[in-house]
Amino acid sequence: MATGAHGKKNRLYLGVDVGGTKILAALADESGAIVARQRTSTPRDGGPEQVLAALEHLIDQTLADERLDASDLTAMGVAVPGVVEPKKGRIIVTPNMSLSGVALGSHLERRYDVPVALGNDCNLGALGETWLGSARKARSVLGIFVGTGIGGGFVRKGRLWRGAREAAGEIGHIVMKTEGGTRCGCGNYGCLETLASRTAIENQIRAAVAAGRPTLLVEMLQGNLEIIRSNVLRQALEAQDPLTCEVVRRAAEILGYACLTVRHLLDPELIVLGGGLVAACSGFIMPIVQNVVGSDQLPGAHEGGGVLLSALGDDAVVLGAVALARTAIGRSPFKKKYAVSPTYPQITHASFGQITINGKTYTRDVVLTADGKIEKRKKKHAEDPEAGHLVSAKELEAVCQGGPEILFLGTGHSDSLRLSDEAARYLSHRSIDCFAAPTAEVAPAYNKSKKRKAALLHVTC
């Protein structure tokens, strides 16, 4: 068992997200604080041997960089995009990868001599959001993750609902168009995935361009529309490109109706939207989804069924994998006796021009992360980088990494730091509370709080 930065013995877990384009590994302690992360590209050519080799190399590199070996791990959780048989550690099918039929969990257990828990990536994304993300206060949640495809996961009282065939939560394959639907990768026609995923948006844009519709995307991508990444779609939306706005708006409306379907079928306390497309284009997509869901004419007896955005982003799946690994060895993070909080720094002095944290004095703005780390503030994403007095949503993406329940905003000596309107929406859409006050007043409130927390502290003016 490794020794942490504060001298305590930490149980360490490795969460791995094996995706169609990348493999992400994160080393985390029992609180969910990420100690290290590594990523590599997923081999596109060859069979399962090439993917396994890339996966093992990434795991070995992650451990080696931290001067650890496999014996330092308590357990490992692995997520794959497909149907798995968890008890046997076997992948049944991965439609977009060459891992179908591979006993991945069993293989990694033999290779590293640690317990390995295997799960579906979107199931584990929902589990991660339930543990440390937007759904941390919800007793039931349906996570919907929109990227190249669309996947989902249902969690109730901290437990995944995997279904009788280990195939529950596959919302991307509910049939939403019964006539003239496009064939889906799963083999069926008219699935949600063929209508509202990034792949679907790409296909619709390419078809429109082939029919003569103009779009800024042609210039932005130098005529190559084979792959239209989510960040490029966001740029086109920000430029108000008519075709992109039309296609993404329709996809967002369909996604909203999928949320209504989920609400009427399962009635979860919360629906969480994540994935690369939603993360990149949330400012455009979220209001449309909320408008559709808000138009629901069938009332419930209580509040609930709202829609939030993922608070964990790329870390949702790997942290869900850590939660699964903990559960598999009898240390579920959803049980109070096994709940562990990060060790947070103490602010011992705050005055104009300086702040002292854990005995060290800082004269510039400081960020305290949800993982308990102390970092210098990076103003490049502020609305006004020169003065740094207006916090942008882009800046909050880094400040709130790790899943805080509350953000402490130290506004400076004269109360000058402010959240932009977009930044305020960022917090609201992820159920992150905010306590804003002059930095000297924020310091004792931060020290006293028992919640999972982050802080952005303005030291001057």
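Residues numbered from 1 in each chain as written. Predicted model: local features only at pLDDT ≥ 70, side-chain atom pairs only at ≥ 80, totals over all residues. Heavy atoms only, no water.

Chemist: Is there a simple way to think about the sheet that holds strand E23 (residues 433-437) in this case?
Modeler: Where strands meet in a sheet, backbone hydrogen bonds hold them as pairs that are either parallel or antiparallel. Pairing within the open sheet is mixed, and its 5 strands lie in the order E19-E18-E24-E21-E23. Looking along the sheet, the strands with just one partner apiece sit at the ends: strand E19 (374-376) and E23. For this sheet, the mean inter-axis angle between neighbouring strands, taken without regard to orientation, is 15°. (Pairing = 2+ DSSP bridges. Helix = DSSP H or I, 4+ residues; strand = E, 2+ residues; numbered from the N terminus. Axes fitted to C-alpha atoms, helices over the stretch in contact; angles between N-to-C directions.)

Chemist: Help me understand the side chain of Ser31 in this model?
Modeler: Along the chain, the position of Ser31 falls in the loop between strand E4 (22-29) and strand E5 (34-41). A distance of 2.6 Å separates polar atoms of two side chains, one belonging to Ser31 and the other to Asp29. Only 3.3 Å separates the side chain of Ser31 from the backbone nitrogen of Ala33, close enough to count as a polar contact. If near-sequence neighbours (up to four positions away) are discounted, Ser31 is found in contact with Trp131, Leu132, Val340, Ser341, Pro342 and Arg452. (Polar contact = N/O pair within 3.5 Å; in protein donor to acceptor, adjacent residues only side chain to side chain. Contact = heavy atoms within 4.5 Å.)

Chemist: Any chance you could explain the side chain of Thr74 here in plain terms?
Modeler: Structurally, Thr74 can be placed in strand E6 (residues 73-80). The class of Thr74 is buried, set by a relative accessible area of 16%. Setting aside residues no more than four positions away along its own chain, Thr74 makes contact with Arg11, Leu12, Tyr13, Pro115 and Ile329. (Buried < 20%, exposed > 50% of the residue type's maximum accessible area, 1.4 Å probe, protein only.)

Chemist: Looking at this model, I keep getting lost on the environment of Arg156. Mind explaining?
Modeler: Tracing the backbone through its elements, the reader meets Arg156 in strand E11 (residues 150-156). Residue Arg156 is classed as partly exposed on the basis of its relative accessible area of 48%. Non-local contacts of Arg156, meaning those with residues more than four positions away in its chain, are made with Arg139 and Ser140.

Chemist: Help me out: how do you make sense of the packing of helix H7 (residues 230-238) against helix H8 (residues 242-266) in this one?
Modeler: Running from amino to carboxyl end, H7 crosses H8 at an angle of 115°, the nearest separation of the two axes being 8 Å. In terms of crossing hand, the pair formed by H7 and H8 is left-handed. Of the residues in H8, those in contact with Leu233, Ala236 and Leu237 of H7 are Thr244, Cys245 and Val248. For the contact of H7 with H8, the residue count by class is 5 nonpolar, 1 polar and no charged. (Left-handed = near helix turned anticlockwise from the far one by under 90°. Nonpolar A, V, L, I, M, F, W, Y, C, P; charged D, E, K, R; others polar.)

Chemist: Teacher, can you tell me more about the environment of Asn224 here?
Modeler: Relative to the assigned elements, Asn224 resides in the loop between helix H6 (216-220) and H7. In sequence terms Asn224 and Asp421 are 197 residues apart; their C-alpha atoms lie 36 Å from each other. At 3.1 Å, the side chain of Asn224 and the backbone nitrogen of Glu226 are in polar contact.

Chemist: Hey, could you run me through the sheet that holds strand E13 (residues 270-274) in this one?
Modeler: In space, the 5 strands of this open sheet follow the order E12-E11-E10-E13-E14, with mixed pairing throughout. A strand with exactly one partner marks an edge of an open sheet, and here the two such strands are strand E12 (159-160) and strand E14 (306-309). Sheet analysis places E13 next to E14, joined by 4 bridges and oriented parallel. Its bridge partner lying in E14, Val272 is registered against Leu308. Of the strands in this sheet, strand E10 (140-146), E11, E12 and E13 are in contact with helix H3 (residues 121-132), which crosses E11 at around 50°. In the packing of helix H9 (residues 276-294) onto the sheet, the strands contacted are E10, E13 and E14, and the crossing angle to E14 comes to about 165°.

Chemist: Is there a simple way to think about the pairing of E11 in this case?
Modeler: Consecutive side chains of a regular strand alternate in pointing toward one face of the sheet and then the other. Buried residues dominate E11, accounting for 6 of its 7 residues. Bridging between E10 and E11 involves 7 bridges; their strand directions are antiparallel. When the sheet's bridge partners are listed, Val141 is paired in E11 with Val155. Where E10 hands over to E11, the hairpin turn is made up of 3 residues, counted between the paired strands. Of the strand pairs in this sheet, E11 and E12 are connected by 2 bridges, and their pairing is antiparallel. Of the residues in E12, the one forming a bridge with Arg156 is Arg159. The antiparallel hairpin formed by E11 and E12 contains 2 residues in its connecting segment, where Lys157 sits at a positive phi of about 50°.

Chemist: How do you make sense of the packing of aromatic side chains when you look at a structure like this?
Modeler: Two aromatic rings are characterised by how far apart their centres lie and by the angle between their planes. Per the stated rule, a full pass over the model turns up 3 aromatic pairs. With a centroid separation of 5.9 Å and 65° between ring planes, the pair formed by Phe408 and Phe435 is classed as edge-to-face. You can see Phe408 sitting in strand E21 (residues 406-410) and its partner Phe435 sitting in strand E23, a full 27 residues away along the chain. Under the relative-accessibility criterion, Phe435 is labelled partly exposed at 35%. Summarising the aromatic geometry, the rings of Phe408 and Tyr446 are spaced 5.7 Å apart at their centres and angled 80° between planes, so their arrangement reads as edge-to-face. Taken as a pair, Phe408 in strand E21 and Tyr446 in helix H13 (residues 439-448) lie far apart in primary sequence, 38 residues in all. (Phe/Tyr/Trp six-rings, centres within 6.5 Å; stacked < 30°, edge-to-face > 60°.)

Chemist: I'm lost on empty space enclosed by the protein in this one. Help?
Modeler: Over the atoms, a rolled probe matching the size of one water molecule traces out where space is still vacant. As enumerated under the stated definition, the model contains 1 cavity of 30 Å³ or more in all. In terms of residue class, the lining of the largest cavity is built from 4 nonpolar, 3 polar and 2 charged. (1 Å grid on protein atoms, 1.4 Å probe; cavity = no way out; pocket = protein on both sides within 12 Å on 5 of 7 lines; lining within 4 Å. Points joined across faces, edges and corners; volume = space filled by probe spheres on them.)

Chemist: So what exactly am I meant to see when it comes to the pattern of salt bridges here?
Modeler: Any two side chains of opposite charge can pair if their charged atoms end up close together. For the structure on display, the rule yields 21 salt bridges. Between Arg39 and Asp314 there is a salt bridge whose closest N-O contact spans 3.6 Å. With a gap of 275 residues between them, Arg39 in strand E5 and Asp314 in the loop between E14 and helix H10 (315-328) connect regions that are remote in the sequence. Here Arg39 falls in the partly exposed class, since its relative accessible area comes to 45%. Note on Asp314: relative accessible area 46%, which makes it partly exposed. Close ionic contact of Arg162 with Glu166 constitutes a salt bridge, the shortest N to O distance being 2.7 Å. Exposure remark for Arg162: the relative accessible area of 30% places this residue in the partly exposed category. (Salt bridge = Lys/Arg side-chain N within 4 Å of Asp/Glu carboxyl O.)

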